[in-house]
Amino acid sequence: KRHFNPQFLHALIFRTSRLNSPPLSSEKSRRVSAMDGCTAASDSPYELLFQALSLIPTAHYAALLLALWLVFLYDFLEIHLLRDLATGFRGDPVKLTYNASSELYRAVASKCQVLRGRYLPTLWLCSPHIQTAFLTFFGNPPRFTYKRVMFYTSDGGTIALDWVLHSDVNEDDGGGAYTSHAVPQKDDKAPIVIVIPGLTSDSVAPYIKHLVFKLAKQGWNVVVSNHRGLGGVEITSDRFYNAGWTEDSRRIIDHIHQEYPDTPLYVVGTSIGANILVKYLGEETVNVPIVGAVAVCNPWDLAIGDRFITRRFVQKLYDKALAFGLVGYAKLHQTILSRLIDWDGLKKSRSVRDFDYYATCILAKFETVDTYYRRSSSVNFVGNVAVPLLCINALDDPVCTRESIPWDECRMNPNIVLAATQHGGHLAYFEGISASTMWWVRAVSEFLEVLHSSPLKNRPRKVGPCSTTTPLESKIDQGPYVNLMEDGTVTAVGDIQRDKIAAAQPDHTAEENRETITEDEEETSKDAATSKPEAAASDQKKLNDLIAPMKRHITQLTRHSRTSIWLLAYIAIVTTWPVLGSGLFFYLKKKLRSFLLPALPSR
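In short, a report on the structure. As the structure is a computational prediction, the values presented were derived from the model and not from experiment.

Conventions and cut-offs
- Residues numbered from 1 in each chain as written.
- Predicted model: local features only at pLDDT ≥ 70, side-chain atom pairs only at ≥ 80, totals over all residues.
- Heavy atoms only, no water.
- Helix = DSSP H or I, 4+ residues; strand = E, 2+ residues; numbered from the N terminus.
- Buried < 20%, exposed > 50% of the residue type's maximum accessible area, 1.4 Å probe, protein only.
- Contact = heavy atoms within 4.5 Å.
- Areas by Shrake-Rupley, 256 points an atom, 1.4 Å probe, with all protein chains shown as cover.
- Salt bridge = Lys/Arg side-chain N within 4 Å of Asp/Glu carboxyl O.
- Core = buried A, V, L, I, M, F, W, Y, C linked by side-chain atoms within 4.5 Å.
- Expected span 1.5 Å × (residues − 1).
- Pairing = 2+ DSSP bridges.
- Axes fitted to C-alpha atoms, helices over the stretch in contact; angles between N-to-C directions.
- 1 Å grid on protein atoms, 1.4 Å probe; cavity = no way out; pocket = protein on both sides within 12 Å on 5 of 7 lines; lining within 4 Å.
- Points joined across faces, edges and corners; volume = space filled by probe spheres on them.
- Nonpolar A, V, L, I, M, F, W, Y, C, P; charged D, E, K, R; others polar.
- Disulfide = S-S within 2.5 Å.
- Polar contact = N/O pair within 3.5 Å; in protein donor to acceptor, adjacent residues only side chain to side chain.
- Patch = residues over 30% accessible without salt bridge, like charges linked within 9 Å, V, L, I, M, F, W, Y side chains within 5 Å.
- Lys, Arg positive; Asp, Glu negative; His and termini not counted.
- Charge placed at Lys NZ, Arg CZ, Asp CG, Glu CD.
- Right-handed = clockwise from strand over helix to strand, strands pointing away.

### Quick look at the overall build of the protein chain
Counting its regular elements, the protein chain contains 22 helices and 17 strands. Taken across its 603 residues, the protein chain has 43% of its residues classed as buried. In the protein chain, the proportion of contacts linking residues at least 24 apart, taken out of those at least 6 apart, comes to 75%. For the protein chain, the accessible area works out to roughly 34100 Å², and carbon and sulfur atoms hold 60% of it.

### Quick word on the pattern of salt bridges
Counted by the stated rule, this structure contains 21 salt bridges. Across the pair Arg83 and Asp92 runs a salt bridge whose closest N-O atoms are separated by 2.9 Å. Since its relative accessible area comes to 38%, Arg83 is described here as partly exposed. In this structure, Asp370 and Arg353 form a salt bridge, with 3.1 Å as the shortest nitrogen-oxygen distance. Separated by 17 residues along the polypeptide, Asp370 in helix H16 (residues 369-376) and Arg353 in helix H15 (residues 352-364) bring together distant segments of the chain. Here Asp370 falls in the partly exposed class, since its relative accessible area comes to 34%. The structure contains a network of salt bridges with shared partners spanning Asp155, Arg228, Glu247, Asp248, Arg250, Arg251, Lys279, Glu283 and Glu284.

### Some points on the nonpolar core
In terms of nonpolar packing, the biggest core is built from 58 residues, with Trp439, Trp440, Phe447 and Leu448 touching the most fellow members. At nine residues, the largest contribution of residues to this core is made by helix H18 (residues 439-452).

### Quick notes on helix H9 (residues 247-259)
Across its 13 residues, H9 extends 18 Å between first and last C-alpha, which sits within 8% of the 18 Å expected from 1.5 Å per residue. Along H9, the residues that are buried comprise Asp248, Ser249, Arg250, Ile252, Ile253, Asp254, Ile256 and His257. Contacts made by the buried residues of H9 are with strand E5 (147-152), strand E6 (158-164), strand E8 (192-196), strand E9 (221-225), strand E10 (265-270) and helix H10 (272-284).

### Digging into the sheet that holds E10
Spatial ordering of the open sheet is given by E2-E13-E12-E11-E10-E8-E9-E6-E5, a layout of nine strands whose pairing is mixed. Both outer strands of the open sheet, strand E2 (95-98) and E5, are each paired with one neighbouring strand and no more. The mean inter-strand angle of the sheet, taken between neighbouring strand axes irrespective of direction, is 20 degrees. The pairing of strand E12 (residues 389-394) with strand E13 (residues 416-421) spans six bridges and is parallel. Bridge pairing in E13 places Leu390 opposite Val417. Contacts between H18 and the sheet are confined to E8, E10, strand E11 (292-296), E12 and E13, with E11 contributing the most and set at about 165 degrees to the helix.

### Description of empty space enclosed by the protein
Empty pockets left among the atoms are what a rolling probe the size of a water molecule brings to light. Following the criterion strictly, the structure yields one cavity of 30 Å³ or more and no others. Its boundaries defined by the atoms lining it, the largest cavity holds a volume of some 90 Å³. As for the largest cavity, its lining consists of Ile159, Ile196, Ser225, Asn226, His227, Arg228, Tyr241, Trp245, Asp248, Ser249 and Ile276. The residue makeup of the lining of the largest cavity, split by class, is five nonpolar, four polar and two charged.

### Details of unusual backbone geometry
Residue Trp300 is not a glycine yet carries a positive backbone phi of 65 degrees. Considering the arrangement of structural elements, one finds Trp300 in the loop between E11 and helix H11 (302-308). The class of Trp300 is buried, set by a relative accessible area of 0%.

### Observations concerning the state of the cysteines
The bond known as a disulfide is covalent and runs between the sulfur atoms of two cysteines. Scanning the model with the defined rule gives zero disulfides in all. Free of any disulfide, Cys400 has its nearest neighbouring cysteine sulfur in Cys297, separated by 6.4 Å.

### As for the environment of Asp84
Counting through the fold element by element, Asp84 comes out in helix H5 (residues 81-86). According to the relative accessible area criterion, Asp84 is buried, its value standing at 2%. Remark: the alpha-carbon pair of Asp84 and Cys126, spanning 42 residues in sequence, is separated by 8.5 Å. What Asp84 contacts, discounting residues up to four positions off in sequence, is Phe89, Leu120, Cys126 and His423. Within the local environment of Asp84, its side chain forms a polar contact with the side chain of His80, the two groups lying 2.9 Å apart.

### Examining the environment of Gly232
Inspection of the secondary structure assignment puts Gly232 in the loop between E9 and H9. A sequence separation of 100 residues divides Gly232 from Leu332, and the C-alpha atoms of the two residues are 9.4 Å apart.

### Quick look at a positive patch on the surface
Taken together, Lys316, Lys320, Lys331 and Arg350 make up a surface patch of like positive charges. Summarising the element assignment, Arg350 is placed in the loop between helix H14 (343-347) and H15.

### Description of a nonpolar patch on the surface
A surface patch of nonpolar side chains, about 690 Å² in accessible area, is lined by Leu81, Leu82, Leu85, Phe89, Leu123, Trp124 and Ile433. Turning to its location among the elements, Leu123 is positioned in the loop between strand E3 (118-119) and helix H7 (128-137).

### Some points on the pairing of E12
Burial analysis of E12 places six of its six residues in the buried class, which makes it a mostly covered element. Pairing of E11 with E12 involves four bridges; the strand directions are parallel. Note that in E12 the partner of Ala295 across the bridge is Cys391. Crossover connection from E12 via helix H17 (residues 407-412) to parallel E13: handedness right-handed.

### Description of the pairing of E6
The buried count for E6 comes to seven of seven residues, which makes it a mostly enclosed element. On E6, burial covers both faces: Thr158, Ala160, Asp162 and Val164 on one face and Ile159, Leu161 and Trp163 on the other are all buried. Inspection of the sheet shows E5 paired to E6 by six bridges, in the antiparallel sense. In the strand pairing of E6, Val149 is matched with Leu161. Between the antiparallel neighbours E5 and E6 lie five residues, among them Gly156 with a positive phi of about 90 degrees. Bridge count for E6 against E9 is four bridges, and the pairing is antiparallel. For Val164, the partnering residue across the bridge sits in E9 and is Val222.

Here is the structure:
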């Protein structure tokens, strides 16, 4: 008992059990012998544990490491295969955000089956990062060539316009190569779509070719407006494009509208091109010659996007990839850029922010990078958009974060419909087993087709050249009256209603000056006076019709206010009763004691 060893007892029991067990194989005998040796040779539990782990086959360790690696990749790449499996591979519904009184939704978006349906990504591309990488390196673009037309700006810049006509695309031979031979004729009434590519992208980008080919097969003429210095064109001026530079798009749209004044124009912007498009629409408000527009994967707020792209390791990879593309773009035009910016600093750029610091801010004359991001973000111009606009964003976009999507601003503007999908990546949206089609391309083509056949196509459009205007100013202080609408909205009476009210009031100045009117003027005034009572009565009726709803709603508001006052009083009493009740209890107890003590008989 004094020298009792538990390990010895364990070994004794183990060996005794072996005597009553059936014969073991040679492999098992070797392991048991090794365990016996370990038990006898070592007294450390950690050494025993290590010896036991060494007996586990190597294949089991390899399987465990593989399982851990798959779990890491599943989380790192944001794979959603199990989620798709849980939904029965039906996909997720498209979330539409729009104004309740939006005519755009009722006349157009509600009739688009793609927007009202579901989106299921390609099964073997069930990750936003895998989708985006597949688009970058493969993309499965259709084969066709453009007809290039050079456009020269007033500052000496050169922009390449790449055309594809609907007549150049043979619908019966979808797998062949197509060549565009000319630009549209003056009498060609087919709608024209202007495409603005994303950052460092041009007309040969796979997603651009998917969109152009789809629209051309639909019967539309398409032109891709390449950014300055892209599309194989040299930079011929000291002006470069950036995320907030809308002047080139403005000039291109004006030029095409002047060349084809009777042809409906539509614009599609992607990524940074979407930011430029929305900013342009907000700057011009109603003074644009286009019928409708689509913004796909818009970054919206560049400052938020800058913080997002440096948050996680995987986002930093995108940041470095974008910076690498921007530096490569700058090296193509080194002869011009080297004399305008800090070229040595630009070559050391490892992020988009570095490139914007060494190049964009200097070329565009911004004080700081943050100033450039704030002034160039299209989120500041969403409220001013006055043409039908469809916005498409993926909530898992690895480049343009969902945090920058202006949900409320889009909901307040009746000219905007925002379509948000759960998956899609950045400009990818591949669908089908072979990943040969892109969901957002189908959504854009259907939206434009329905919009083109809707009454919204016939709205008045600008005729002259565009001129940049300031953001819309509120006219709430221009109306001295308040109008309560049927839905409870409080608005100010505008200039038209104010003029009607002023017309219904008597003109005392005219009464005082009537004595100086000549006889001929009196006869004329008598003829006009016969129509004045009728006009005054009509204006008075309109004024009463305007005031009647206001009186009714004021009465309702008064009734609701009275109810609210009683409700607030009840809440105040309930919440303060623990304190007030205690104080009231002690006060009444004191009063009662002072009242009863004199009446009690003394002892």
